[in-house]
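Single-letter residue listing:
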Amino acid sequence: MEIFGIDHVELYVGDARQAAFYLGHAFGLQIHGQGGPETGLPDQRSLLLREDAVQIVLTSGLAAGHPAAEYVQRHGDGVAIVGLEVDDTTAAYDELVARGAQPMAGPQTYHVDETTVVIAEVAGFGDVIHRLVERHGPRHEFLPGRMHISVPSAGPDEKLFSEIDHLAICVPSGELEPIAKFYEDVFGFARIFEEYIEVAGQGMDSKVVQSPSKHVTFTLIEPDPNRRPGQINDFLSWHAGAGVQHIALRTSNIVEAVSTLASRGVNFLGTPSTYYRALTGRVGEVETPIEDLEKLGILVDRDHWGQLLQIFTESMHVRRTLFLEIIERRGAMTFGSGNIKALYEAKERELAGAS
Ligand code: FE2
């Protein structure tokens, strides 16, 4: 079994058209396909957003019993399916189920002209499902015969995003280790990073698991029940259980991407000015002028291989659950341990008036 990367992420949402309007106008992700009852997807409306290797499907249920309607009723809008591109769906499905994955849907083949796509589904974490996707032929099709592919009529010219870099997943206390082990034992992922994070009396344990191809990365995080309840507890409560907290979109120019998104009304989490005073001492010289990073609130961290620049949007959802991250990697292959701690320490200095 070979897992090449994240093929797509499917969100179940209350209104797919409104979500697509927001992601299109604010993030430049254009509609490249749609499906529904008329294409053989009964009781649902699905829209495919695409940019380079980023594929996001927005699905709304059209009848009360549809899984998307039930998901939204329980969790609000959120990630329901993480599609993984594999070399052989049938073999991967058999292997995953033999290793203990819960089967959700057996292999099915979809075929139009030169394109063949084979999909199957197994359970992941919480209510999130993994869809195995094997693709042959031209890649403009998504789900041949079930989704009508179209060329966007108009939209922004710039291409801001290249791929889904990683997903961050919140899990209840006590589930972090079993879920990390599940991805190791069943999917063959490796643990690439572990960290205990302390922020304002809250404690969080984090483990990062990654596919051997290095193109599927999940950051798993659980709250420390012995510390003050905080933002992870809030997510678990508002989302009603384990789920995807943020989707990180990779860009090759974070300054341009964040400037563009901000000009379109996207709100990002703020960073105190004190963070930037300690920055070069912590991560070394940064190619981008620090004042440009400070103006936009972009965070910089480093790992063994290089630097990474990150920023988080405010939640795009009324429950304050799902949000997006924009990330540019300048050599860094994993994550840095400094960002949250440095941010917290800088915030403390600012509050104490010491700087
Ligand atoms: Fe992240």
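Predicted model only: the values in this text are computed from it and were never measured.

1. A look at helix α1 (residues 16-27)
- With 12 residues, α1 should cover 16 Å at 1.5 Å per step; its first-to-last C-alpha distance of 15 Å lies within 8% of that length.
- Of all the residues in α1, the buried ones are Ala16, Ala19, Ala20, Leu23, Gly24, Ala26 and Phe27.
- Packing partners of the buried residues in α1 comprise β2 (30-35), β3 (44-51), β4 (54-61), α6 (254-263) and β17 (323-330).
- Sitting at the head of α1, Asp15 places a side-chain oxygen 3.0 Å from the backbone nitrogen of Arg17.

2. Regarding the side chain of Thr115
- Relative to the assigned elements, Thr115 resides in strand β7 (residues 115-123).
- Each residue touching Thr115, except ones within four places of it in the same chain, is listed here: Tyr110, His136, Gly137, Pro138, Glu141 and Pro144.

3. Digging into the packing of aromatic side chains
- Summed over the entire model, instances satisfying the criterion amount to 11 aromatic pairs.
- Members of the aromatic cluster, joined through ring pairs, are Phe182, Tyr183, Phe187, Phe189 and Phe218.
- Sitting over the face of the ring of Phe335, Arg329 holds its NZ or CZ atom 5.2 Å from the ring centroid.

4. Digging into a negative patch on the surface
- Among the surface-exposed residues, Glu2, Asp87, Asp88 and Asp94 lie close enough to one another that they form a single negatively charged patch.
- For Glu2, the position within the fold is in the segment before β1 (3-12).
- By relative accessible area, Glu2 is classed as partly exposed at 41%.

5. Let's talk about the domain arrangement of the protein chain
- As far as domains go, the protein chain holds domain 1 (3-149) and domain 2 (163-354).
- Its C-alpha centre places domain 1 at a distance of 25 Å from the equivalent point of domain 2.
- Tallying the contact residues gives 34 residues for domain 1 and 36 residues for domain 2.
- Buried area between domain 1 and domain 2, both sides added, is near 2,900 Å², and the carbon and sulfur share of it is 72%.
- Counting the surface domain 1 buries against domain 2, the share from its top three residues, Ile6, Phe27 and Phe125, is 22%.
- Summed over the shared surface of domain 1 and domain 2, the number is 0 salt bridges.
- For the pair domain 1 and domain 2, the number of links is 9 residue pairs in polar contact (both at pLDDT 80 or more).
- Listing elements by their share of the side of domain 1 that touches domain 2, those giving two or more residues are β1, α1, β4, α2 (67-75), β5 (78-86) and β7.

6. Focus: the nonpolar core
- Membership of the largest hydrophobic core comes to 76 residues, with the highest contact counts inside it found for Phe27, Leu58, Phe187, Phe218 and Ile247.
- Among the elements that line this core, the one with the most residues is α1, at 6 residues.
- For this core, the two domains that each supply at least three residues are domain 1 (3-149) and domain 2 (163-354).
- Apart from residues no more than four positions distant in its own chain, Leu58 is found in contact with Leu11, Val13, Ala16, Ala19, Ala20, Leu23, Arg45, Ser46, Leu47 and Leu49.
- One finds Leu48, Ile119, Phe142 and Met147 within the second-largest nonpolar core, a separate group that totals 9 residues.

Criteria and thresholds
Residues numbered from 1 in each chain as written. Predicted model: local features only at pLDDT ≥ 70, side-chain atom pairs only at ≥ 80, totals over all residues. Heavy atoms only, no water. Helix = DSSP H or I, 4+ residues; strand = E, 2+ residues; numbered from the N terminus. Expected span 1.5 Å × (residues − 1). Buried < 20%, exposed > 50% of the residue type's maximum accessible area, 1.4 Å probe, protein only. Contact = heavy atoms within 4.5 Å. Polar contact = N/O pair within 3.5 Å; in protein donor to acceptor, adjacent residues only side chain to side chain. Phe/Tyr/Trp six-rings, centres within 6.5 Å; stacked < 30°, edge-to-face > 60°. Lys NZ or Arg CZ within 6 Å of the ring centre and 35° of its normal. Patch = residues over 30% accessible without salt bridge, like charges linked within 9 Å, V, L, I, M, F, W, Y side chains within 5 Å. Areas by Shrake-Rupley, 256 points an atom, 1.4 Å probe, with all protein chains shown as cover. Salt bridge = Lys/Arg side-chain N within 4 Å of Asp/Glu carboxyl O. Lys, Arg positive; Asp, Glu negative; His and termini not counted. Charge placed at Lys NZ, Arg CZ, Asp CG, Glu CD. Domains from an automatic or database assignment. Buried area = accessible area lost by both parts, 1.4 Å probe. Core = buried A, V, L, I, M, F, W, Y, C linked by side-chain atoms within 4.5 Å.

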